[in-house]
Amino acid sequence: MRVRPEQVSLWHLEEQDLELVLAWRNDPEVMKWLPSAQRPLLWQDHLDWFRRYHSGLVWQYDWTIQLETGSLVRRRRRVGTVHYVNHTSEIGLLVGEKTLWGQGIGRIALEKALHEVTGPHWELLRQAVGPVWAVVHPENTPSRKLFESLNFVADGEGRNGQIKYKWQGWPK
């Protein structure tokens, strides 16, 4: 089943999402691809991060990826996250629902996030911090292909041996 763009939306991360996000983040199959995941994250550390984020001390936007299902009764379920860090222009993606890997959700969510963070109201920030970039595990071929298909180009090494990808902007 291929997911259609109108089925995917981004919603701001809320405290009620934290348990699910922590479960995804700590899943060994997911964690091995994350650039900063050296060990499972503890609940209190996750909660402390979220509270700093909501206090305005962390300049980061986090969205949950919502998938709309059903034809008569529409339901939205959280299936992943996208983040964007203002002061570095780093963007990241996590599709936590592994049964949905390879169905196009990550691509749609990443495109929507890129449209959000590259709109005209972000122009001054981008001039100050530089282009949007991401880090991808060198063995995560599906993610590498995804970022490359969205006009990201390998640009050296990121943290923990990850490949740093720099976004070239929307194709002309």
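Residues numbered from 1 in each chain as written. Predicted model: local features only at pLDDT ≥ 70, side-chain atom pairs only at ≥ 80, totals over all residues. Heavy atoms only, no water.

Would you take a moment to explain the overall build of the chain for this structure?
Secondary structure assignment for the chain yields six helices and seven strands. When its helices and strands are written in sequence order, the chain yields β-α-α-α-β-β-β-α-α-β-α-β-β. Scored against the burial criterion, the 172 residues of the chain give a buried share of 45%. Across the chain, the fraction of contacts at a sequence separation of at least 24, relative to all contacts at a separation of at least 6, is 58%. (Helix = DSSP H or I, 4+ residues; strand = E, 2+ residues; numbered from the N terminus. Buried < 20%, exposed > 50% of the residue type's maximum accessible area, 1.4 Å probe, protein only. Contact = heavy atoms within 4.5 Å.)

Help me understand the nonpolar core, please; the structure alone is not making it clear to me.
Nonpolar side chains in soluble globular proteins generally cluster together in the buried interior. Ile-91 and Phe-152 are the most contacted members of the largest nonpolar core, which totals 27 residues. Mapped onto this core, the elements with two or more residues apiece are strand S2 (60-69), strand S3 (75-85), helix H4 (105-117), strand S5 (133-136), helix H6 (141-149) and strand S7 (163-167). The contact partners of Phe-152, leaving out residues within four places of it in the chain, are Ile-91, Leu-114, Val-132, Trp-133, Ala-134, Phe-147, Tyr-165, Lys-166 and Trp-167. Among the nonpolar cores identified, the runner-up in size contains 13 residues, and Leu-13, Met-31, Leu-34 and Ala-37 belong to it. (Core = buried A, V, L, I, M, F, W, Y, C linked by side-chain atoms within 4.5 Å.)

So what exactly am I meant to see when it comes to helix H1 (residues 18-26) here?
Three- or four-residue spacings in an α-helix give side chains the same orientation, since the helix completes a turn every 3.6 residues. All buried positions along H1 are accounted for by Leu-18, Val-21, Leu-22, Trp-24 and Arg-25. Down the axis of H1, the smallest arc covering the buried residues is 160 degrees, so these residues share one side. Looking at the buried side of H1, the elements it contacts are helix H2 (28-31), helix H3 (43-55), S3 and strand S4 (90-95). (Arc of directions from axis to C-beta.)

Explanation requested: the pattern of salt bridges in the structure shown.
Close approach of charged atoms allows side chains with opposite charge to pair. Scanning the model with the defined rule gives nine salt bridges in all. Between Asp-17 and Arg-78 there is a salt bridge, with its nearest N and O atoms 3.3 Å apart. Pair noted here: Asp-17 is in the loop between strand S1 (8-12) and H1 and Arg-78 is in strand S3, with a separation of 61 residues, a long-range link. Judged by relative accessible area, which is 3%, Asp-17 ranks as buried. Where Lys-98 meets Glu-29, a salt bridge forms, and the shortest distance between an N and an O atom there is 2.8 Å. With Lys-98 in the loop between S4 and H4 and Glu-29 in helix H2, this residue pair connects regions lying 69 residues apart in the sequence. (Salt bridge = Lys/Arg side-chain N within 4 Å of Asp/Glu carboxyl O.)

Would you mind showing me how to read the layout of surface pockets here?
A probe matching the size of a water molecule, rolled over the atoms, marks out where space remains unfilled. The space that makes up the largest pocket amounts to roughly 1,300 Å³. Every residue lining the largest pocket is counted, 45 residues in all, and those nearest its centre are Leu-34, Thr-81, Gly-92, Leu-93 and Leu-94. Those elements that provide at least two residues to the lining of the largest pocket are H1, H3, S2, S3, S4, H4, S5 and H6. For the lining of the largest pocket, the per-class residue count stands at 24 nonpolar, 13 polar and eight charged. (1 Å grid on protein atoms, 1.4 Å probe; cavity = no way out; pocket = protein on both sides within 12 Å on 5 of 7 lines; lining within 4 Å. Points joined across faces, edges and corners; volume = space filled by probe spheres on them. Nonpolar A, V, L, I, M, F, W, Y, C, P; charged D, E, K, R; others polar.)

Looking at this structure, how should I read the pairing of S5?
A regular strand places its side chains so that they alternate between the two faces of the sheet. Judged by which residues are buried, S5 turns out to be covered on both faces: Trp-133 and Val-135 on one side and Ala-134 and Val-136 on the other are all buried. For S5 and S7, the ladder comprises four bridges, and the chain directions are antiparallel. From the neighbouring strand, Val-135 faces S7, where its bridge partner is Lys-164. (Pairing = 2+ DSSP bridges.)

What exactly am I supposed to notice about the side chain of Asp-17 here?
Side chain to side chain, Asp-17 and Arg-78 meet in a polar contact 3.3 Å long. In contact with Asp-17, not counting residues within four places along its chain, are His-12, Thr-64 and Arg-78. (Polar contact = N/O pair within 3.5 Å; in protein donor to acceptor, adjacent residues only side chain to side chain.)

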